[in-house]
Amino acid sequence: SQQGEEDPQALSIQEGENATMNCSYKTSINNLQWYRQNSGRGLVHLILIRSNEREKHSGRLRVTLDTSKKSSSLLITASRAADTASYFCATYFAGGTSYGKLTFGQGTILTVHP
Amino acid sequence: NAGVTQTPKFQVLKTGQSMTLQCAQDMNHEYMSWYRQDPGMGLRLIHYSVGAGITDQGEVPNGYNVSRSTTEDFPLRLLSAAPSQTSVYFCASSETHGSWQYFGPGTRLTVT
């Protein structure tokens, strides 16, 4: 079963606007990761945020994590046509086992119109 | 560094045939994994390995076998292909089992 649920499933915006994607999950996590996938390509990691962190930045990307609400958001500021891609959140949880697993959500398809 | 490489890029199989999808990484990562990606389903974990000689099942392991004899290679074997295994397969690696993953370019498999 999918751990992460992303919202919205699809987002269409104009260049220069901000894009916000949300991810909710059901169980405890050790970290949460965001990835981008361009059409027909493999996934590329964007940001990893640990369970004891609340916010991280990388260039035009800002990720927040609220463990009390079991949710995360990815904000892309001043979007560009090149940001058009699918964006996935993935939750990592080791729990009581020796080795954890990374579980992906279904993704948000972002389209940025020039 | 080549990163994570996968072969072949495309493959068509008939039902019942077997094949091996190859995956290799040159980053000396201990953790490697296989995912399948289906429309509307996101990525689902098939098998993973935390080091040479150590593998474990993921979410959808049935119909697939893996082994890890070296740090670099993590092949995925389809024992008897079924149309339900038509999918895009991604291999990934990471330094440890909790760190971010580096993905290969994928193998698009069609089973007729």
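Preceding block: the structure.
Owing to the predicted nature of the structure, the values given are computational and were not obtained by experimental measurement. (Residues numbered from 1 in each chain as written. Chains lettered and ligands numbered in written order. Predicted model: local features only at pLDDT ≥ 70, side-chain atom pairs only at ≥ 80, totals over all residues. Heavy atoms only, no water.)

Looking at the layout of surface pockets
Link 1 in the chain: Estimates place the volume of the largest pocket at around 710 Å³.
Link 2 in the chain: For the largest pocket, the lining is made up of 32 residues, of which Gln-37 and Gly-40 of chain A together with Gln-37, Val-88 and Arg-108 of chain B are closest to its centre.
Link 3 in the chain: Secondary structure elements with two or more residues in the lining of the largest pocket: strand E9 (85–93) and strand E11 (108–113) of chain A together with strand E4 (31–38), strand E9 (87–94) and strand E11 (107–111) of chain B.
Link 4 in the chain: Each residue belonging to the lining of the largest pocket can be placed in one class, and the counts come to 10 nonpolar, 18 polar and four charged. (1 Å grid on protein atoms, 1.4 Å probe; cavity = no way out; pocket = protein on both sides within 12 Å on 5 of 7 lines; lining within 4 Å. Points joined across faces, edges and corners; volume = space filled by probe spheres on them. Helix = DSSP H or I, 4+ residues; strand = E, 2+ residues; numbered from the N terminus. Nonpolar A, V, L, I, M, F, W, Y, C, P; charged D, E, K, R; others polar.)

Here we look at the sheet that holds strand E8 (residues 71–76) of chain A
Residue and element names in this part refer to chain A.
Link 1 in the chain: Spatially, the five strands line up as an open sheet ordered E1-E3-E8-E7-E6, and their pairing is antiparallel. Every other strand in the sheet has two partners, leaving strand E1 (5–7) and strand E6 (55–58) as the edge strands with one partner each. Across the sheet, the mean angle from the axis of one strand to that of its neighbour is 15°, orientation sign disregarded.
Link 2 in the chain: Where strand E7 (residues 61–66) and E8 come together, six bridges link them in antiparallel fashion. Bridge pairing links Leu-65 to Ser-72 in E8. (Pairing = 2+ DSSP bridges. Axes fitted to C-alpha atoms, helices over the stretch in contact; angles between N-to-C directions.)

Section: the interface of chain B and chain A
Link 1 in the chain: With 24 residues of chain B at the contact, the number on the chain A side is 22 residues.
Link 2 in the chain: Taken together, the two surfaces of chain B and chain A that pack against each other cover about 1900 Å², and 55% of this comes from carbon and sulfur.
Link 3 in the chain: Summed over the shared surface of chain B and chain A, the result is zero salt bridges.
Link 4 in the chain: Remark: the boundary between chain B and chain A carries seven residue pairs in polar contact (both at pLDDT 80 or more). (Contact = heavy atoms within 4.5 Å. Buried area = accessible area lost by both parts, 1.4 Å probe. Salt bridge = Lys/Arg side-chain N within 4 Å of Asp/Glu carboxyl O. Polar contact = N/O pair within 3.5 Å; in protein donor to acceptor, adjacent residues only side chain to side chain.)

Looking at unusual backbone geometry
Link 1 in the chain: With omega at -5°, the peptide bond leading from Asp-7 of chain A into Pro-8 of chain A counts as cis.
Link 2 in the chain: Relative to the assigned elements, Pro-8 of chain A resides in the loop between E1 and strand E2 (10–14).
Link 3 in the chain: For the bond running from Thr-7 of chain B to Pro-8 of chain B, omega is -5°, close enough to zero to count as cis.
Link 4 in the chain: Even without being a glycine, Lys-70 of chain A presents a positive backbone phi close to 55°.
Link 5 in the chain: Along the polypeptide, Lys-70 of chain A turns up in the loop between E7 and E8.
Link 6 in the chain: The class for Lys-70 of chain A is partly exposed, based on a relative accessible area of 29%.
Link 7 in the chain: Phi is positive for Asn-28 of chain B, which is not a glycine, with a value near 60°.
Link 8 in the chain: Mapping Asn-28 of chain B onto the fold places it in the loop between strand E3 (19–25) and E4. (Buried < 20%, exposed > 50% of the residue type's maximum accessible area, 1.4 Å probe, protein only.)

Topic: the pattern of salt bridges
Link 1 in the chain: Enumeration over the complete set of coordinates arrives at four salt bridges over all chains.
Link 2 in the chain: A salt bridge links Glu-55 of chain A to Arg-62 of chain A; its shortest N-O distance comes to 3.1 Å.
Link 3 in the chain: The exposure class assigned to Glu-55 of chain A is partly exposed, which follows from its relative accessible area of 40%.
Link 4 in the chain: Accessibility expressed as a relative area gives 30% for Arg-62 of chain A, which makes it partly exposed.
Link 5 in the chain: Of the charged contacts in the structure, one is a salt bridge between Arg-44 of chain B and Asp-38 of chain B, with a shortest N-O distance of 2.8 Å. Each member of the pair, Arg-44 of chain B as well as Asp-38 of chain B, is classed as buried.
Link 6 in the chain: One continuous salt-bridge network, built from bridges that share partners, spans Arg-36, Asp-38 and Arg-44 of chain B.

With respect to the packing of aromatic side chains
Link 1 in the chain: Enumeration according to the criterion identifies eight aromatic pairs over all chains in this entry.
Link 2 in the chain: Here the aromatic cluster, defined as three or more aromatic residues joined through ring pairs, consists of Tyr-35 and Phe-104 of chain A together with Tyr-35, Phe-90 and Phe-103 of chain B. (Phe/Tyr/Trp six-rings, centres within 6.5 Å; stacked < 30°, edge-to-face > 60°.)

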